[in-house]
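Take a look at the letters that make up each chain.
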Number of protein chains: 2
Amino acid sequence: MADEAVKYRLVAILGLGLLGGSMAKALRARGLCDGIIGWSPRESTREEALKLKLVDATVDSPEQAVAEADLVVAATPVSHIVKLIGAISKSTTNGTIVTDVGSTKRSITEAGDKHLPGRFVGSHPMAGGEKSGLAASRADLFQNAPCIITPTDATERSSSERIEKLWTDLGCRVTRMGPLEHDRLMADVSHLPHAIAAAVVAMQEERALTIAGSGFRDTTRVAAGDPQLWRDIFIDNRDAACRSIDRCVAWLRDFRTALQAGDGQKIETMLAAAAKRRAGM
Amino acid sequence: MADEAVKYRLVAILGLGLLGGSMAKALRARGLCDGIIGWSPRESTREEALKLKLVDATVDSPEQAVAEADLVVAATPVSHIVKLIGAISKSTTNGTIVTDVGSTKRSITEAGDKHLPGRFVGSHPMAGGEKSGLAASRADLFQNAPCIITPTDATERSSSERIEKLWTDLGCRVTRMGPLEHDRLMADVSHLPHAIAAAVVAMQEERALTIAGSGFRDTTRVAAGDPQLWRDIFIDNRDAACRSIDRCVAWLRDFRTALQAGDGQKIETMLAAAAKRRAGM
């Protein structure tokens, strides 16, 4: 890190699951704030966060959490973030910057631009895994992770610069793109692989699972992810996800046609193009 | 290992790639044979195998390799194994047992039953990875790997018992099933995941690859595998592979229909069934 880190006075973290919890741990570990105030819809989670000293204080409502904060991070499931942005808009002061960690960005940035104009910057740190919840959180979750931020025409330049700096200070490799492009690319690179992995697991006979090797395990690992979180993501990004599925199925249809015809040359060409690309990643 | 290992006098290994090379290393490391004679279609590979002392001798033809052997292992690509079985049938003595390591079993066991009746037992050790060739071979490749053997009605009981013992002695967990069931289950659990992984890689825009996370990497890892080896596997098992693709696409079509309708309940139910299954593996 060439630049000095930017420090916040009080960060409000709304939602204390894997990402919110890891955010709290990482902010502390890197000395990026003086204090953290936490809110979670569940009282038991708030108590756990206090007990683990992840946060300095918890409050009963998002509105209370954000009142004194100079940085707000919305870390609830995607479907909840949109409502949260509306709920807190009257309680934040003008200097407060708000971001989120949701896996989709179009609907969230629309809400941000409407309720927190200029001060909301959508973020998507691409970190996580199959485990969710506060218990799985860790201080190094964002270390070297890609993070996409999605400022819009309505975002103030100083806001997007500060959020970019925040993620850089947390150890991420930050990329900027528009929310629509984000959602389109994520449908291809994340939501489609999840649907595909679920399909491959769901269609198996019981006996097949007992002889599955490491290739099967790799290909289907993401299918173990939290079904409610993923439902939200798919529903929020359904148009782009449907287009991704269609393009993938079109490739499979070509492949199947060549296969049924016994066209070894075509099969090899299709596999070789994918192999070259994957090996180059 | 409760039982004492069964030792062979001279093992002929036909094909000295990842699996043939690892077989030689594992047989030696576990003291399962007195000598190994190797054949590979390429002279440079034969020289390399001699230099690395993987084999005690190499010969110019499969026929020469098998003449004195009491165990023959065919470890060439799937499409070549069928021809190899025909080529060596006249050169093996009656006491010689022949097996292979091919990823498909129907066409190979048909050839075995025809040319080496009673003495051929198909094997499929499920070990390997994206790397191929002699250089990637290792003595512990088969350690704890699942291995399916596919005796048929024509196989002598003593032959299948000896081959089962061989793989057990090499560290594998051995399962028996018929060649047709093997090919059907493998289409689901191995060949389909490969096609799916290739599809997901092939359909991406260049920019998407730069923001792909660990989930994408896991899901598509197998797509880097050798295109010629996989072409052979797909072509040999094309009927079963087509049926697997059809069943996977049918699931995706249901999922897409629910998605387009915004049916969150259905989406969650489909994802939850897959998540539960995958987490239980």
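Residues numbered from 1 in each chain as written. Chains lettered and ligands numbered in written order. Predicted model: local features only at pLDDT ≥ 70, side-chain atom pairs only at ≥ 80, totals over all residues. Heavy atoms only, no water.

Visitor: How do you make sense of the overall build of chain A when you look at a structure like this?
Guide: Looking only at helices and strands, chain A has 12 helices and 8 strands in total. What you see for chain A is a C-alpha radius of gyration of 21 Å, in line with the 19 Å of a compact globule of 281 residues. In terms of principal-axis extent, the alpha carbons of chain A reach across some 70 × 40 × 35 Å. Split into buried and exposed, the 281 residues of chain A put 57% on the buried side. Long-range contacts, defined as pairs at least 24 residues apart, comprise 72% of the intrachain contacts of chain A with a sequence gap of at least 6. About 11,400 Å² of surface is accessible on chain A, with carbon and sulfur atoms providing 48% of the total. (Helix = DSSP H or I, 4+ residues; strand = E, 2+ residues; numbered from the N terminus. Rg over C-alpha atoms; globule rule 2.2 N^0.38 Å. Buried < 20%, exposed > 50% of the residue type's maximum accessible area, 1.4 Å probe, protein only. Contact = heavy atoms within 4.5 Å. Areas by Shrake-Rupley, 256 points an atom, 1.4 Å probe, with all protein chains shown as cover.)

Visitor: Can you walk me through the domain arrangement of chain A in this structure?
Guide: Accessible area lost upon the coming together of the parts serves often as the stated size of an interface. Residue and element names in this part refer to chain A. When its domains are assigned, chain A resolves into domain 1 (8–177) and domain 2 (182–279). Using C-alpha coordinates to define each centre, domain 1 is positioned 31 Å away from domain 2. At the junction of the two partners, domain 1 supplies 15 residues and domain 2 supplies 15 residues. For the domain 1 and domain 2 pair, buried surface summed over both sides reaches about 1,200 Å², with 63% attributable to carbon and sulfur atoms. Across the domain 1-domain 2 interface, the total number found is 0 salt bridges. For the pair domain 1 and domain 2, the interface holds 6 residue pairs in polar contact (both at pLDDT 80 or more). Elements that contribute at least two residues to the side of domain 1 that touches domain 2 include exactly α4 (78–88), α5 (106–115) and β7 (146–150). For the side of domain 1 that touches domain 2, the residue count by class is 5 nonpolar, 7 polar and 3 charged. (Domains from an automatic or database assignment. Buried area = accessible area lost by both parts, 1.4 Å probe. Salt bridge = Lys/Arg side-chain N within 4 Å of Asp/Glu carboxyl O. Polar contact = N/O pair within 3.5 Å; in protein donor to acceptor, adjacent residues only side chain to side chain. Nonpolar A, V, L, I, M, F, W, Y, C, P; charged D, E, K, R; others polar.)

Visitor: Any chance you could explain the packing of aromatic side chains here in plain terms?
Guide: Centre distance and the angle of the planes are the two values used to describe a pair of aromatic rings. All names here are of chain A. Per the stated rule, a full pass over the model turns up 8 aromatic pairs over all chains. On the numbers, 5.5 Å between centres and 70° between planes, the contact of Phe 142 with Trp 167 is edge-to-face. Of this pair, Phe 142 sits in the loop between β6 (120–125) and β7 while Trp 167 sits in helix α6 (residues 157–169), placing them 25 residues apart in sequence. You'll find Phe 142 and Trp 167 in the same group, each marked buried. Between Trp 251 and Phe 255, the aromatic rings sit 5.2 Å apart at their centres with planes inclined by 15°, giving stacked as the arrangement. With Trp 251 and Phe 255 both in helix α11 (residues 238–260) and 4 residues apart, the pair spans about one turn of that helix. (Phe/Tyr/Trp six-rings, centres within 6.5 Å; stacked < 30°, edge-to-face > 60°.)

Visitor: When you look at the sheet that holds strand β3 (residues 57–58) of chain B in this model, what are you seeing that I'm missing?
Guide: What links the strands of a sheet is backbone hydrogen bonding, and the strands pair in either a parallel or an antiparallel sense. All names here are of chain B. Read from one edge of the open sheet, 8 strands run β3-β2-β1-β4-β5-β6-β7-β8, paired in mixed fashion. Two strands bound the open sheet, and with one partner strand each, they are β3 and β8 (173–176). Pairing geometry for strand β1 (residues 8–14) and strand β2 (residues 33–39), over 6 bridges, is parallel. Its bridge partner being in β2, Ile 13 is matched across the sheet by Gly 38. Here helix α5 (residues 106–115) sits on the sheet in contact with β5 (97–100), β6 (120–125) and β7 (146–150), set at roughly 155° to β6. (Pairing = 2+ DSSP bridges. Axes fitted to C-alpha atoms, helices over the stretch in contact; angles between N-to-C directions.)

Visitor: Please explain the pattern of salt bridges as it appears in this structure.
Guide: When the charged atoms of two side chains with opposite charge come close together, those side chains can pair. A full pass over the atoms with the stated rule returns 38 salt bridges over all chains. Lys51(B) is the partner of Glu48(B) in a salt bridge, and the nearest nitrogen-oxygen pair spans 3.9 Å. A residue pair is termed a helical-turn pair when its members lie 3 or 4 positions apart in one helix, as Glu48(B) and Lys51(B) do in helix α2 (residues 43–51) at 3 residues. Overall, Lys51(B) belongs to the exposed group, its relative accessible area being 65%. One network of salt bridges, in which partners are shared, links Asp218(A), Arg221(A), Asp218(B) and Arg221(B).

Visitor: I tried to follow α2(B) on my own but got confused; where do I start?
Guide: Owing to its 3.6 residues per turn, the α-helix aligns residues three or four sequence positions apart on the same side. Residues and elements named next belong to chain B. Those residues of α2 that fall on the buried side of the exposure criterion are Thr 45, Arg 46 and Ala 49. Buried residues of α2 fall within an arc of 100° about the axis and therefore sit on the same side. Exposed residues on α2 whose side chains face more than 90 degrees from its buried face are Glu 43 and Lys 51. On its buried side, α2 packs onto β2 and β3. Looking at the residues trailing α2, positive phi occurs at Lys 53, about 55°. (Arc of directions from axis to C-beta.)

Visitor: I keep staring at the nonpolar core and nothing clicks. Help me out?
Guide: It is characteristic of soluble globular proteins that their nonpolar side chains tend to be buried jointly. Counting 122 residues, the largest nonpolar core has Phe255(A) and Phe255(B) as its most contacted members. Every residue in contact with Phe255(A), bar those within four places of it in the chain, is listed here: Ile267(A), Met270(A), Leu271(A), Ala195(B), Phe234(B) and Ile245(B). (Core = buried A, V, L, I, M, F, W, Y, C linked by side-chain atoms within 4.5 Å.)

Visitor: Could you clarify how one ought to interpret the relation of the copies chain A and chain B in this entry?
Guide: Two chain copies, one operation linking them: a rotation about an axis together with a shift along it. Superposition record for chain A on chain B: RMSD 0.0 Å, screw rotation 180°, translation along axis 0.0 Å. Taken together, these values place the two copies in the relation of a two-fold axis. For chain A, the residue whose C-alpha comes nearest the rotation axis is Thr219(A), separated from it by 1.9 Å. Most of the interface of chain A is mirrored in chain B, where 100% of its interface residues again form contacts. (Least-squares fit on C-alpha atoms with pLDDT ≥ 70 in both.)

Visitor: How do you make sense of the interface of chain A and chain B when you look at a structure like this?
Guide: Contact residues are listed per partner, giving 77 residues for chain A and 77 residues for chain B. Interface area, chain A with chain B, both sides summed: about 7,500 Å², of which 68% is carbon and sulfur. The largest share of the area that chain A buries against chain B comes from Ile211(A), Arg277(A) and Arg278(A), three residues that together contribute 11% of it. Here chain A and chain B share 12 salt bridges between them. Here Arg256(B) and Asp246(A) are joined by a salt bridge, their closest N and O atoms 2.6 Å apart. Those elements giving two or more residues to the side of chain A that touches chain B turn out to be β8 (173–176), α7 (179–202), α8 (206–210), α9 (214–220), α10 (227–236), α11 and α12 (264–279) of chain A. For the side of chain A that touches chain B, the residue count by class is 44 nonpolar, 13 polar and 20 charged.

Visitor: Just checking my understanding: could you explain the environment of Lys131(B) for this structure?
Guide: Residue and element names in this part refer to chain B. By secondary structure assignment, the location of Lys 131 is in the loop between β6 and β7. Accessibility expressed as a relative area gives 66% for Lys 131, which makes it exposed. Placed 113 residues apart in sequence, Lys 131 and Leu 18 show a C-alpha to C-alpha distance of 7.8 Å. With residues up to four places along the chain from it excluded, the contact list for Lys 131 reads Leu 18 and Ala 136.

Visitor: Just checking my understanding: could you explain unusual backbone geometry for this structure?
Guide: Glycine aside, residues mostly have negative phi, and peptide bonds are mostly found in the trans state. Unlike most non-glycine residues, Lys53(A) shows phi in positive territory, near 55°. In this structure, Lys53(A) sits in the loop between α2 (43–51) and β3 (57–58). For Lys53(A), a relative accessible area of 64% translates into the label exposed. Located in the positive-phi region is Asn144(B), a residue other than glycine, with phi close to 65°.

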